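# Report on the structure
One-letter residues, chain by chain:
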Amino acid sequence: MLKKSMIIAIAALTIGGVAVAQQMAPPAQTAGLKRTVLQKFDVPAGERETVTALIEIPPNMDVARHTHPGPEVDYVIEGDVNLVVEGQPPKTYKAGDSFVIPQGTVHGGRSGPNGTKLLGSYIVEKGKPLASPAP
């Protein structure tokens with residue numbers, strides 16, 4: 001787990017320079033889902049920013065289908081999640097697993113019986129909501 005954390009940290013610093021931690025409460029697309037932004041910084045060229053968030057999903061909760069205005073990289077810290085990505089079969093990820101969701105890809109899922117805690121990183125267009133409901 002430490003190795004994966006180091007890889008994520010090095011990648012974030014490589015593409016964004018020195019990060020300054022900020023706290024903000026982005027809108028959640030599903031009632032009950034909690035996403036705590038841990039840091040946010042501009043990506044070189046200034047049109048995008050990197051957002052790192054702690055995502056906490058209560059037990060046995062459906063996460064509504066949604067999209068992000070940039071790629072999402074998640075690492076499962078605790079529990080498990082059944083991820084449903086449009087055009088792919090559902091897949092379950094457990095603690096220690098990671099996954100990537102491309103920009104604009106519709107996805108949702110369901111947390112396991114003990115809930116799910118994820119570390120999510122997004123490289124998104126500035127000024128756009130972190131998550132938007134899918135049609």
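Since the structure is predicted, the reported quantities are computational estimates derived from the model, not experimental observations.

## Digging into the packing of aromatic side chains
Enumeration according to the criterion identifies one aromatic pair in this entry. Ring geometry for tyrosine 93 versus phenylalanine 99: centroids 4.7 Å apart, planes at 40 degrees, classification tilted. Residue class for tyrosine 93 comes out buried when judged on its relative accessible area of 13%. For phenylalanine 99, a relative accessible area of 7% puts it in the buried group.

## Remarks on the side chain of histidine 68
Checked against the element boundaries, histidine 68 lands in the loop between strand 3 (62-67) and strand 4 (72-85). Accessibility expressed as a relative area gives 4% for histidine 68, which makes it buried. Here histidine 107 takes part through its side chain, which lies 3.3 Å from a polar atom of the side chain of histidine 68. In contact with histidine 68, other than residues within four places in its own chain, are Arg35, Gln103, Gly104, His107, Tyr122, Leu130 and Ala131.

## Notes on the confidence of the model for the protein
Scored by pLDDT, the protein has a mean of 81; 78% of the residues are at 70 or more. Taken element by element, the predicted model of the protein shows its lowest mean pLDDT in helix 1 (residues 2-16) (40) and its highest in strand 5 (residues 91-94) (98). Segment residues 1-28 is flagged for pLDDT under 50; beyond a separation of four residues in sequence, or across chains, it makes 36 contacts in the model.

## What about the pattern of salt bridges?
Within this structure, the stated rule accounts for seven salt bridges. Linking lysine 94 and aspartate 97 is a salt bridge whose minimum nitrogen-to-oxygen distance equals 3.9 Å. Using a relative accessible area of 51% as the deciding quantity, one classes lysine 94 as exposed. On the accessibility criterion, aspartate 97 (23% relative accessible area) is partly exposed. Between glutamate 125 and lysine 128 there is a salt bridge, with its nearest N and O atoms 3.1 Å apart. Each of the salt bridges in this network shares a partner with another, and the network as a whole consists of Arg48, Glu125 and Lys128.

What counts as what
Residues numbered from 1 in each chain as written. Predicted model: local features only at pLDDT ≥ 70, side-chain atom pairs only at ≥ 80, totals over all residues. Heavy atoms only, no water. Phe/Tyr/Trp six-rings, centres within 6.5 Å; stacked < 30°, edge-to-face > 60°. Buried < 20%, exposed > 50% of the residue type's maximum accessible area, 1.4 Å probe, protein only. Helix = DSSP H or I, 4+ residues; strand = E, 2+ residues; numbered from the N terminus. Polar contact = N/O pair within 3.5 Å; in protein donor to acceptor, adjacent residues only side chain to side chain. Contact = heavy atoms within 4.5 Å. pLDDT = per-residue confidence, 0-100. Salt bridge = Lys/Arg side-chain N within 4 Å of Asp/Glu carboxyl O.

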